Amino acid sequence: MNTLELVDHGPVIPVIVIDRLADAVPLAEALVAGGVRVLEVTLRTPVALQAIRAMSAVPGAIVGAGTLRQAADARAAHEAGAVFGVSPGYTAELGAACREIGLPLLPGVATASEVMAAQADGLSFLKFFPATAAGGIPMLKALAGPFADVVFCPTGGISLATAPDFLALPNVKVCGGSWLTPADAVRNGDWARITQLAREASALAR
Ligand code: 3PG
C-alpha cells in the first residue's frame, strides 16, 4: 500500500487515543459504521499496540499507528498489524526503518526544510503538524508554491467547522483530527455519538 491510497477512503483520518483496551473494538465499529475506515491509533498508551491488533480485525477498518517516533515504534506497530504509520515529525532513521519493514509512512512536517528532508527519502504525502499552530491555511498555501508535488494531511487543532477550509486547498486531500473521538464519549461508551461524528466527517466535501 501507498499512504496516498488512504485518501481514497474519505476526507478525515481520526487520531485515536485508547486508554481502555475494551473500548478499541466498539470504537472502531462505531467509526466504520459512520463511514470512517482509516483509523490512526496513537502509540501513547500502554494498550495501544493491543488496540491496533484488536481493531484490525473489525471488518472494514484500515488501522495504522500514530505517534511513531523511533524505529522501534515502527517495528512494534508493524508487528501489531498496523498497515500504515503516522509520525509527528520526520527522521531519516524512522524513514529507513519503515522502508525496511514495508510500513507505509505518513510523516509529519511543519517547515520547508522538513518537507525537503522527507522528499529526499521519497515521501511526498506528508502530515502537516501541528496544522493550526504551525501556520494553518496560509502556510499550506505558501508551501504549495515550491512544493507543488506534495500532498498534505493537516492535523492538529482542526474541527468539523474548520476542516472544509483545509479540504478546499488543492494540496490537501485529507485532514486528521481527534474531534471524532471525544474522550468523554469514549469513556461513556457513547458509540452512537461517535458514529454520528464519523458520518458528519465522512460527508465533508473536498
Ligand atoms: C495529535 O497528535 O494529537 C493530533 O494532531 C490531533 O490533534 P487535535 O487533537 O488537535 O485534533
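Conventions and cut-offs
Residues numbered from 1 in each chain as written. Predicted model: local features only at pLDDT ≥ 70, side-chain atom pairs only at ≥ 80, totals over all residues. Heavy atoms only, no water. Axes fitted to C-alpha atoms, helices over the stretch in contact; angles between N-to-C directions. Helix = DSSP H or I, 4+ residues; strand = E, 2+ residues; numbered from the N terminus. Parallel < 35°, antiparallel > 145°, perpendicular 65-115°, else oblique. Left-handed = near helix turned anticlockwise from the far one by under 90°. Contact = heavy atoms within 4.5 Å. Nonpolar A, V, L, I, M, F, W, Y, C, P; charged D, E, K, R; others polar. 1 Å grid on protein atoms, 1.4 Å probe; cavity = no way out; pocket = protein on both sides within 12 Å on 5 of 7 lines; lining within 4 Å. Points joined across faces, edges and corners; volume = space filled by probe spheres on them.

### Some points on the packing of helix α3 (residues 71-79) against helix α4 (residues 92-101)
- Where α3 contacts α4, the axes come no closer than 8 Å and their chain directions differ by 30°. Judged by the inter-axis angle, α3 sits roughly parallel to α4. Crossing geometry of α3 relative to α4 is assigned as right-handed. Contacts from A71, A74, R75 and H78 of α3 reach α4 at E93, L94, A97, C98 and I101.
- The residue inventory of the contact of α3 with α4, partitioned by class, reads six nonpolar, one polar and two charged.

### Some thoughts on empty space enclosed by the protein
- Throughout the structure, instances matching the rule amount to one cavity of 30 Å³ or more.
- Taken as a whole, the largest cavity spans an internal volume of roughly 50 Å³.
- Along the walls of the largest cavity sit L6, H9, G10, P11, V12, I13, G35, V36, R37, V38 and S202, which together make up its complete lining.
- A per-class count over the lining of the largest cavity returns six nonpolar, four polar and one charged.

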